[in-house]
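# Structural features, examined
Here is what each chain is made of, one letter per residue.
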Amino acid sequence: MRYTITILLLMCMAASVSFGQKADKEQLLQINHLKKTPPYDTTQQQTFPVFTYQSPDDSALVTLREIYHLDSIAGQGSETERAIRLLEWFHNQVPHEDVRSLPVLTARYIIDSYREKKVGQGCYPLSIAMNEIFLSMGFKSRSVICFSGKYPEPNGGHVINAVYMPSLRKWIYMDPQDNAYVKDEKGNFLSVEEVRERLVNGKPMYLNAGANYHQVPTKKEQYLYTFMAEHMYRLICPVNSTYDSQTRSAGKVLQYVELLPAGSKDPAVDMFETSVSRNTNVISYHTNNNRAFWQLPSDR
């Protein structure tokens, strides 16, 4: 089924529920398509604002942390161990469901709405809530909106998170919908960019054993090599990673940076492209420079 992008995001990329229906031919098709994608241009000058990450001392993030006892949930241990516990906890709080997004996109509203109404949320709200949970615990984190190169309709999509680990000096890939993260053959955590690179060059990747969709184990062949391979063409992140950054309301300005391969044509106008509506002013910056897009945040 195909949707326009606006409805698609409201329903959170319905294609994400079809992992098990993909055939080997589809896997090869998506991998080959990604391999033919033009390279990035690391010499391109940065023309977009620096990404920002809200301090965990922000009052809304402090409240979020205290209400859900996130310190206890994260527990002790390494950065990655604590982040994994937060990922698993939130994955079990709100399941994925293809429904219209809530009017308020904050972690508190998303969690409490599920507890009250028992209605899950799409991958877009799940990623937003996960991002706020990470921020509240001092992790610098982004929502990463992933689309294919098919215009004007992207044929589905997915939204995940990139979480910065100072001890590793790198971003790591995390997906709250599937409780998923990815490692290489040596057990090293992979970033979103590294996952994309390995899809192209054929190097091995491994999903964590606990990755699942509605308690059904997630298979890497369908999840990584078919579904994510299709949606690693157009990557979009909000410029400002803060609490309640994505609720659309009158007078609000939302800024995004969009990473595209060199020579890509500009996508059609959608909810992430520069536009003005009665509710929101959207400003979108395009770049072909993956190094600038994935710049590491300050460790301070």
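Residues numbered from 1 in each chain as written. Predicted model: local features only at pLDDT ≥ 70, side-chain atom pairs only at ≥ 80, totals over all residues. Heavy atoms only, no water.

### Points about the overall build of the protein chain
Secondary structure summary: the protein chain contains 10 helices and 13 strands in total. In terms of principal-axis extent, the alpha carbons of the protein chain reach across some 50 × 45 × 40 Å. By the burial criterion, 54% of the 300 residues in the protein chain qualify as buried. Within the protein chain, contacts between residues at least 6 apart in sequence are counted, and of these 68% link residues at least 24 apart. In the form shown here, the protein chain has an accessible surface area of approximately 13,200 Å², with 51% of it arising from carbon and sulfur atoms. (Helix = DSSP H or I, 4+ residues; strand = E, 2+ residues; numbered from the N terminus. Buried < 20%, exposed > 50% of the residue type's maximum accessible area, 1.4 Å probe, protein only. Contact = heavy atoms within 4.5 Å. Areas by Shrake-Rupley, 256 points an atom, 1.4 Å probe, with all protein chains shown as cover.)

### Digging into the pairing of strand β11 (residues 252-259)
A large share of β11 lies buried, amounting to six of its eight residues. Both strand β9 (residues 234-238) and β11 contribute to a ladder of four bridges, which runs antiparallel. Bridge pairing links C237 to V257 in β11. By the bridge criterion, eight bridges tie β11 to strand β13 (residues 280-287) in an arrangement that is parallel. For Y256, the partnering residue across the bridge sits in β13 and is S284. (Pairing = 2+ DSSP bridges.)

### Remarks on the environment of G120
Looking at the secondary structure, you find G120 in the loop between α6 (107-117) and α7 (123-136). Its relative accessible area of 0% is what places G120 among the buried residues. On a C-alpha basis, the gap between G120 and P95 in space is 5.0 Å, while along the polypeptide they are 25 residues apart.

### As for the pairing of β9
Counting buried residues along β9, five of its five residues qualify, which places the element largely inside the surrounding structure. Burial of the side chains of β9 extends over both faces: R234, I236 and P238 are buried on one face and L235 and C237 on the other. For strand β2 (residues 141-147) and β9, the ladder comprises three bridges, and the chain directions are antiparallel. The residue of β9 that forms the bridge with F147 is R234.

### Observations regarding the side chain of T280
Its place among the elements puts T280 in strand β13. Beyond its immediate sequence surroundings of up to four residues, T280 is in contact with R248, S249, K252, L254 and S275.

### Some words on the environment of K118
Among the secondary structure elements, K118 is positioned in the loop between α6 and α7. As for K118 and H96, which are separated by 22 residues in sequence, their C-alpha atoms are 11 Å apart.

### Considerations on the sheet that holds β11
Backbone-to-backbone hydrogen bonds join strands into a sheet, with any given pair of strands oriented parallel or antiparallel. The strand order β4-β3-β2-β9-β11-β13-β12 describes an open sheet built from seven strands, whose pairing is mixed. The open sheet terminates on both sides in strands that have one partner only, identified here as β4 (170-174) and β12 (275-276). Two strands pair when backbone bridges link them, and β12 and β13 are joined in this way by two bridges, in the antiparallel orientation. Within β13, the position partnered with V276 by the bridge is N281.

### Description of α6
Residues of α6 that are buried: A107, I110, I111, S113 and Y114. Down the axis of α6, the smallest arc covering the buried residues is 160°, so these residues share one side. Opposite the buried face of α6, by more than 90 degrees, sit the exposed residues E116 and K117. At its buried positions, α6 is contacted by α3 (59-67), α5 (79-93) and α7. Remark: K118 follows α6 within two positions and exhibits a positive phi of approximately 60°. (Arc of directions from axis to C-beta.)

### A word on the packing of aromatic side chains
Throughout the structure, instances matching the rule amount to 12 aromatic pairs. With centroids separated by 6.0 Å and ring planes inclined at 90°, the aromatic side chains of F51 and F293 adopt a geometry described as edge-to-face. Of this pair, F51 sits in the loop between α2 (24-35) and β1 (52-53) while F293 sits in helix α10 (residues 290-293), placing them 242 residues apart in sequence. Each member of the pair, F51 together with F293, is buried. Both rings, one in Y181 and one in F189, keep their centres 5.6 Å apart while their planes meet at 40°; by these two values the pair is tilted. Each member of the pair, Y181 together with F189, is buried. Here the aromatic residues F48, F51, Y53, Y164, W171, F293 and W294 are joined through ring pairs into a cluster of three or more. (Phe/Tyr/Trp six-rings, centres within 6.5 Å; stacked < 30°, edge-to-face > 60°.)

By themselves, these observations are geometric and do not establish any function.
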